[in-house]
Structure formats: C-alpha cells, structure tokens
Amino acid sequence: MPIRYRTDEELHNHISNPPASEPLEHADVIIAGSGPVGMAYARTILETCPKATVLMLDIGSQDSAVAGEHHKNSIKYQKDIDLFVNVIKGALQNVSIPPADTYIPTLVGDAWTPPVTDDGPGSHTLVFQGSNPNQIREKNLKAAAMTRTVGGMSTHWTCACPTPHPEEIEKNPIPKSERDKLYQRAHVLLNVHNDQYDKNAQGQDISIRHNVVKKTLLDNLPAKRNVQSLPLAVERRKDNPNYVTWTGANTVLGDPARFGGRFRLRTETRVTKLVPNKLQKDSIAGVLLQDLKNDKDVLATAKAYIITCGAIGTPQVLANSGLQERIPALGHYLCEQSIAFCQIVMKNEIIDYIEKNPAWQERIKIHREKHKGDPLPIPFHDPEPQVMIPYTTDFPWHCQVHRDAFSYGDVGPRADARVVVDLRFFGRQEIRKENRVYFSGQFSKDRDSWVAGSTDIYGMPQATFEVTRSQKDNINDQKMMNDMCATADLLGGYLPGSNPQFMDPGLALHITGTTRIGTDPKNSVADASSRVHGFKNLWVGGNGCIPDSTGCNPTLTSVMIALKGAAAVKELLDGHSHGHHK
Ligand code: KBG
C-alpha cells in the first residue's frame, strides 16, 4: 500500500519524530528541478561550502547516460537536424489544454455519446484526463509546455544566450555592477561563445552559410541594427570541428564525481508540497515528495529549499503548499513573448556569391569531387547560420536568423535544407498584474483526493492561464512582423508552408514573472537574492524570477539571478554547521 500523509498534523509529527520504518531523507540543501538553474545553485553551493550536501529532485527520468546532457549532441541529430524536431515534440507536455469539442454528429447505432444538456454551448464537451475545463481559449498560452526530464529544457534548447538590452532589465533589483559580474560567471557556467560559426584559429571561415547570411545582413541593414553572431551555449568539438557540443544541465554542474557523495539526484520524484514550520512561520520544516515509481510519499528535510521547476512548475509547488495567500504576487505579472516566424530559400545572388568566393573554392572543389553533380556549392556538413539582430530602442524585439530544429520548422523533402534559413523574431509583452497563471484544486480533508478543481496528469493542481496581449503589444507585434518580412526579403523567397506567421501563444517557452524578484512583496514573490518574501530558508529559481518583459532568451539571465541566490544560500549555511545529518 502506498504511504499517504493525511493531515498537516501527521506531516509535522513525522518530521519531528520520524518512525524508524519511514526515515526522513535529509541533505543540507534540497533543490527541486535539475535544469541549468538548479544546477547553477548546486554547483555554487557545493563548490563554496565544502561540506554541504545537496539532494536534487526531478519529476522526470534520466534519459541520457550523462545526467542532463543536451540530446542534440548525438551525431545523428548533427547530421540530420530535422530529425531533432521529433525529439522536441516528444519532450514537451502542454500545460493547459481546453476540453475538445467531442460531439460526433455522425456516430451511429447505440454507441455512447455525451448527454445533451441545457447548459448552453459547449455543454457536451468531454473532460479528458489532461484537459482543463477552466481554460478560456482566448486567454490560453496554447503552446506553453513543460519538459519533465533530468536536465529539463536544457536537453533540447536552442542554447541562445543574448545579454538583455538595458530596457529589457530595468526592473531587475540586482544592481548593475553586481549583475555584470554575475553575467560573466553565468557565461562561464553555460559555456557561451559567439564565434563558433565564424572563423577558426587559422582564420578560415568555419561556416559558409553563417558567414554569407551575416554578411548579407551587415551589408544591407543600417549599422545601428548591430547585426552579429548569436551568442550560444555551445563549443565546437576539438576532435572533429564538423560537430559541436551543446550545453546541457550537465555542463553547468560539471563532473559530479568531484563532489564525492555530497551530490545526490533522485529522479521520477514529484515535489508535492513544502511543509511550513508550525511554530516559526518564516521557515520551511520539510518537503513532501512522491516517488512516482511506487506512488509512495516520502518526507525530506533540509536547511535550505530551492524550487527551480520552471516558470509554471515553481509557482505550482508553492500554490500547492498553501502559500498563495502569503505571496499575493505568485503567478501574476506573467509575460510571454510573441514569435513571428518564416523560412526562406536563399536567393540565387547569394548562391552565386558563395560559388565565386575565392576563400571557399578549395572546400567547394573537395565537395564536388565527392558528390558529382551537386548543383549547390555548399558542403553537406557546412554548419548552419547563427545570426542575431539584437533588441534596440527603435526595434524593440529580438531577432534570430538561423536554422533551428524546434517543434516546428522542419524542412523535410520540401527543399534542400542547406539553402533554407529560419527567421524568428521575439516580441515583448507589457507587464500587467492581471496576466497570470493560477492553480486550482486542493486536497480533500482526508488527503485522499482533490476537491474544487482539477489536477494535471501528475496529480498537481491544474495550471490555468489568463493572459492577453494589450493593444501596445499588438501594435509592436505588427511592426515586428513587418521588420521580419523586410529582413527575409534581403535573403530570399519564402519556403512554401513557412510563409510569415505568428506562432501559437506560449511557443517561445519563455514565460517570465510568475515568481518575480523585487523589493515589494505586493508585486514580487522573492527578494533580489530570490529568497521568498517572508521566509528565511526558501528560494525560487528559473525564468519565473525575471521581473522584466524581455524579447531575448531568458536562460542566461535566470542563471545570473540564481548565482546571487546561491550566495545567499551559502550565507545561510555558513550560519549553521553543515555537513552533519540530523
Ligand atoms: O528558436 C528558439 C529560441 O532560440 C528559443 O529560445 C525558443 O525557446 O524557441 C525558439 C524556437 O521556437
């Protein structure tokens, strides 16, 4: 029989007097979530507190030999980037799916069909497991999704790590001088480079396509657009420069063996709820986990608790811990980026330029000797373009002109993939309190079931979005779309099926604000060190901590914020004598 804790009383009693048959798990620090942010916390704490122990929990399984590695490091995907689209599709689980229209007018005979009621339109929709009856379609972030695996989204992310423009970071409470140092460290932990597609040590161009796309944009756009290589968490392999090593959560942690047994990872373990201390209101006493493999509840204790389960998972754990009332900003001030997307087939003019460029003749010759009759002067293993047009005050959006395998945008047999370039432009969203995610449901009194709300397929309270774009957002989006089309026109013609379009809301997977840091507990969840307001031993981490609306990708900034948080955790541990289990 799986163990179930029925009352708060029982949870507290167990924490203070654990029965011999059910010992507590213990570590100095418990980290929920094993993405790059969780790993930045783990590494900093383990390196700066030489005796501290860390227990990391993840709801997902470990899906690669090295915990948290980027799956795109497989040669298979580096040879055929389109295949990776399927990996991402398989990894993402949607957050909020409204019930589908399940009325089938052509169903014949005596087959069961939902009863027709007088409850008005939509009354005969079925609520499937995993669908959310409360979700209003018009306010949904339809494509918002989670990746539940060790390493989280870092197992398939694009690795783009631009530094935000000052307008994209004006609400961040960490002083600029301190931020600059933290960013430097974040660059190191994520192994960020912006030259891995430009020139090698011998001064030769690494990628023909990258260099030609970058040159075309530099030649045709005004200097103030600041066209440059996209900073990426990636490094070209020394043993074979045709391939690269993409950063995953493992890169951020480094080899865990160097910490001896001080770092433990528990997989397929749900962080159900934090248990606040009954007497000391500013302290967490323990955390209730569920081992998903056997459905058993487990209690764990630590000196510090860090929740880094993503911008939806983190507020979900806090809400399920009954903390919503104590943290009114939880889930609010949500921002997500719009995406304008298209793919182009490069112009003849550009292909002619490649054909005639003296610097590339040798490579083209070798390629054509091997592949007689290939009309394209581009070797098959030529790396993809990775170019950025950064956010500026006059063009307040972030632009990636690259080739990226995401859950969409594969080329398949439609064209030769070597001549296709993707354009993705990311627009900001005005920061408004009413844009939010909220969580429904609570345990019944005997903790056997959920009442007054539905749960997600992991048994946690269902997330529901209430997000709309303001008129200001819409006007900005329209300008951004026009800018993307003008940029695309410099490079080529639209690939049929990938004409300019806005993607489903939520697809950027860049939700921010849901656990934002700040100084005022009325409009933020945690302080500048990511310590939750009103608690001395509880931290939050991840994109939800970003208090600004950004166009650029958030991971670098989230790691930067986490590094300050980790220093505060160290301070707390230094106040205790850590390393000794209770
Ligand atoms: O192109 C990527 C982009 O770099 C990113 O960070 C976002 O999550 O997804 C895009 C693809 O949709």
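Residues numbered from 1 in each chain as written. Predicted model: local features only at pLDDT ≥ 70, side-chain atom pairs only at ≥ 80, totals over all residues. Heavy atoms only, no water.

**Student:** I'd like a description of the environment of Ala 233, backed by residues and values.
**Tutor:** Residue position: Ala 233 is located in strand 8 (residues 232-236). For Ala 233, a relative accessible area of 0% corresponds to the buried category. Sequence separation between Ala 233 and Lys 89 is 144 residues, and the spatial gap between their C-alpha atoms is 22 Å. The residues contacting Ala 233, other than those within four sequence positions of it, are Trp 157, Cys 159, Cys 161, Leu 190, Asn 191, Val 192, Thr 245, Trp 246 and Thr 247. (Helix = DSSP H or I, 4+ residues; strand = E, 2+ residues; numbered from the N terminus. Buried < 20%, exposed > 50% of the residue type's maximum accessible area, 1.4 Å probe, protein only. Contact = heavy atoms within 4.5 Å.)

**Student:** Go over the UniProt feature "domain: Glucose-methanol-choline oxidoreductase N-terminal" (unreviewed entry) in the protein with me, naming the residues and quoting the values.
**Tutor:** Following the UniProt record, one finds the feature "domain: Glucose-methanol-choline oxidoreductase N-terminal" (unreviewed entry) at residues 248-336. The span residues 248-336 is 18% helical and 34% strand by assignment, and the distance between its end C-alpha atoms comes to 23 Å. (UniProt positions renumbered as here; feature names shortened; annotations may be inferred.)

**Student:** Please provide a residue-by-residue account of the site of the ligand, values included.
**Tutor:** Near the ligand, the surroundings consist of Thr 158, Gln 400, His 402, Asp 404, Phe 406, Tyr 408, Arg 424, Phe 426, Ala 508, His 510 and Asn 553. Here an oxygen atom of the ligand sits 3.3 Å away from a polar atom, N or O, in the side chain of Thr 158. Contact distances for the ligand include 2.8 Å between an oxygen atom and a side-chain N or O atom of His 510. Surface burial for the ligand is 94%, taken as the share of its 300 Å² of free accessible area covered by protein chains. Secondary structure elements with two or more residues in the shell around the ligand: strand 17 (397-402) and strand 18 (420-427). Class assignment for the residues of the shell around the ligand results in 4 nonpolar, 5 polar and 2 charged. (Near = heavy atom within 4 Å. Polar contact = N/O pair within 3.5 Å; in protein donor to acceptor, adjacent residues only side chain to side chain. Areas by Shrake-Rupley, 256 points an atom, 1.4 Å probe, with all protein chains shown as cover. Nonpolar A, V, L, I, M, F, W, Y, C, P; charged D, E, K, R; others polar.)

**Student:** Outline the sheet that holds strand 6 (residues 192-193), listing residues and values.
**Tutor:** The 3 strands lie next to each other as 6-8-9, forming an open sheet whose pairing is antiparallel. Each edge of the open sheet is held by one strand with a lone partner, namely strand 6 and strand 9 (244-246). In this structure, strand 8 lies alongside strand 9, joined through 3 bridges in antiparallel fashion. Looking at the pairing, Glu 235 lines up with Thr 245 of strand 9. (Pairing = 2+ DSSP bridges.)

**Student:** Lay out helix 2 (residues 36-48) in plain terms, naming residues and giving numbers.
**Tutor:** Look at helix 2: 18 Å from first C-alpha to last across 13 residues, which is about the 18 Å you get at 1.5 Å a residue. With respect to burial, helix 2 is a largely interior element, 11 of its 13 residues being buried. Where helix 2 is concerned, the buried positions are Pro 36, Val 37, Gly 38, Met 39, Ala 40, Tyr 41, Ala 42, Arg 43, Thr 44, Ile 45 and Leu 46. (Expected span 1.5 Å × (residues − 1).)

**Student:** I'd like a rundown of the sheet that holds strand 13 (residues 296-301), residues and numbers included.
**Tutor:** Here 4 strands make up an open sheet; going across it, the order is 1-13-12-11 and the pairing mixed. Each edge of the open sheet carries a strand with a single partner, namely strand 1 (25-26) and strand 11 (269-276). The pairing of strand 12 (residues 284-291) with strand 13 spans 5 bridges and is antiparallel. The partner of Leu 289 across the bridge, within strand 13, is Val 298. Sitting on the sheet, helix 1 (residues 8-16) touches strand 11, strand 12 and strand 13, and the angle it makes with strand 11 is about 90°. (Axes fitted to C-alpha atoms, helices over the stretch in contact; angles between N-to-C directions.)

**Student:** Account for the packing of aromatic side chains, with residues named and values stated.
**Tutor:** Going through the model one piece at a time under the given rule, you end up with 5 aromatic pairs. Judged by centre distance (5.1 Å) and plane angle (65°), the rings of Tyr 77 and Phe 84 are edge-to-face. For the residue pair Tyr 77 and Phe 84, the accessibility class agrees, reading buried in each case. For the ring pair Phe 406 and Tyr 408, a centre distance of 6.2 Å and an interplane angle of 70° mean the geometry is edge-to-face. Through pairs of rings, three or more aromatic residues link up here, namely Phe 341, Phe 406 and Tyr 408. Above the face of the Trp 246 ring, Lys 72 is positioned so that its terminal group lies 4.2 Å from the ring centre. Over the ring of Tyr 197 we find Arg 236; its NZ or CZ atom is 4.9 Å from the centre of that ring. (Phe/Tyr/Trp six-rings, centres within 6.5 Å; stacked < 30°, edge-to-face > 60°. Lys NZ or Arg CZ within 6 Å of the ring centre and 35° of its normal.)

**Student:** How would you summarise the pattern of salt bridges if you had to cite specific residues and measurements?
**Tutor:** Pairs can form between side chains of opposite charge once their charged atoms are near each other. By the definition in use, this model includes 32 salt bridges. The residue Arg 43 makes a salt bridge to Glu 47 at a minimum N-O spacing of 3.0 Å. Placement of both Arg 43 and Glu 47 in helix 2 is noted, with a separation of 4 residues, approximately one turn of the helix. Residue classification places Arg 43 among the buried residues on the basis of a relative accessible area of 18%. Glu 47 sits in the partly exposed class, given a relative accessible area of 36%. A salt bridge links Arg 436 to Glu 466, with the shortest nitrogen-to-oxygen separation between them at 3.1 Å. One end of the pair, Arg 436, is in strand 19 (residues 436-439); the other, Glu 466, is in strand 22 (residues 463-466), and 30 residues separate them in sequence. The class for Glu 466 is partly exposed, based on a relative accessible area of 25%. The network of salt bridges with shared partners includes Glu 25, Arg 264, Arg 266, Asp 291 and Lys 293. (Salt bridge = Lys/Arg side-chain N within 4 Å of Asp/Glu carboxyl O.)

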